[in-house]
Amino acid sequence: AQRVTQPEKLLSVFKGAPVELKCNYSYSGSPELFWYVQYSRQRLQLLLRHISRESIKGFTADLNKGETSFHLKKPFAQEEDSAMYYCALSPNSGGGADGLTFGKGTHLIIQP
Amino acid sequence: EAQVTQNPRYLITVTGKKLTVTCSQNMNHEYMSWYRQDPGLGLRQIYYSMNVEVTDKGDVPEGYKVSRKEKRNFPLILESPSPNQTSLYFCASSLSGTGKKLFFGSGTQLSVL
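None of these values were measured; they are calculated from a predicted model.

Undergrad: Describe the sheet that holds strand S3 (residues 19-21) of chain A, with residues and values.
TA: By way of backbone hydrogen bonds, the strands of a sheet pair with one another, either parallel or antiparallel. Residues and elements named next belong to chain A. Across the sheet, which stays open at both edges, the three strands sit in the order S3-S8-S7 with antiparallel pairing between neighbours. Every other strand in the sheet has two partners, leaving S3 and strand S7 (60-61) as the edge strands with one partner each. Two strands pair when backbone bridges link them, and S7 and strand S8 (residues 72-74) are joined in this way by two bridges, in the antiparallel orientation. When the bridges of S8 are listed, Ala 61 appears paired with Leu 72.

Below, the structure is given as C-alpha cells:
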C-alpha cells in the first residue's frame, strides 16, 4: 500500500526566506505526485503536479525517485504563502482515478 | 462557473439521527470522492466513485454510505452518526484520466453531540 509522509506539522519561516516543505512517499510502482494547498477559509486546490514540471506561485517540486521524495520549494517566501499544504500520491500514472493518498499536511506560517 | 457544491456548510446533530450531506458537480466529472479532515490526521478518503453506479471504499468507510445514481451527485449518508464522526468533510471530483486534478467543495463542518 502507498504511504505519504510529511514530517513537519508546522513550519514557520520569515518573509523572504527560502521555504522547503518535505514530502516522502512509499510505493512500489511509478507514482504520480501532487501538492495541494488550502488557504485560510478556502477550499483545497491543486498547486502543482510532478508530471507538469511547472512553477506555480514561485513554488517548484522535483520528484526524486531515488530518495522517494517530492519536496516543495520556494526561494523567497511571501506572507500570502501561509496555508496548509498537502502532498498526495496517486498509484496510477496513466488513466483511471482510483483515489489519492494524502499526507497529513504541513501548516506553513510566513512571519512578516 | 465550474464548481463542486456541498450542503450544508455547517451541521450540528445528535447521536443516531440519520443525516445526508449533498455533493454536486457541474463539470461532467466521472470521478467523485469524499474525504474527512481531522487535526493531525490530514485528509482521509471515505468513499469514492469511478462513475455512475460504481462506488468503492476508501480508507475510513465505517459508518458511512454513499450512492451515485446520477453523474453529478454523490451524497454522503450517515445512518447513525456518532461523536467520532465529528469532522470537516470534503467532496471532490475529477475528470477521469486527466492526472487526478481534484476539484474540492468548500467543506461541511459536522458536529455530532
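Read on for the rest.
Undergrad: Break down the state of the cysteines for me, citing the residues and quoting the values.
TA: With the rule as written, the count across this model stands at two disulfides over all chains. The disulfide partner of Cys 23 of chain A is Cys 87 of chain A, and the gap between their sulfur atoms is 2.0 Å. Here Cys 23 of chain A and Cys 87 of chain A share a disulfide; its torsion about the S-S bond, -65°, makes the bridge left-handed. Of the two residues, Cys 23 of chain A is situated in the loop between S3 and strand S4 (24-26) and Cys 87 of chain A in strand S9 (residues 83-90); the sequence distance between them amounts to 64 residues. In terms of burial, Cys 23 of chain A and Cys 87 of chain A fall into one category: buried. Linked covalently through their sulfurs, Cys 23 of chain B and Cys 91 of chain B form a disulfide whose S-S length is 1.8 Å. One disulfide, between Cys 23 of chain B and Cys 91 of chain B, carries an S-S torsion of -75° and so falls in the left-handed class. One end of the pair, Cys 23 of chain B, is in strand S3 (residues 19-25); the other, Cys 91 of chain B, is in strand S9 (residues 87-94), and 68 residues separate them in sequence.

Parameters and conventions
- Residues numbered from 1 in each chain as written.
- Chains lettered and ligands numbered in written order.
- Predicted model: local features only at pLDDT ≥ 70, side-chain atom pairs only at ≥ 80, totals over all residues.
- Heavy atoms only, no water.
- Pairing = 2+ DSSP bridges.
- Helix = DSSP H or I, 4+ residues; strand = E, 2+ residues; numbered from the N terminus.
- Disulfide = S-S within 2.5 Å.
- Buried < 20%, exposed > 50% of the residue type's maximum accessible area, 1.4 Å probe, protein only.

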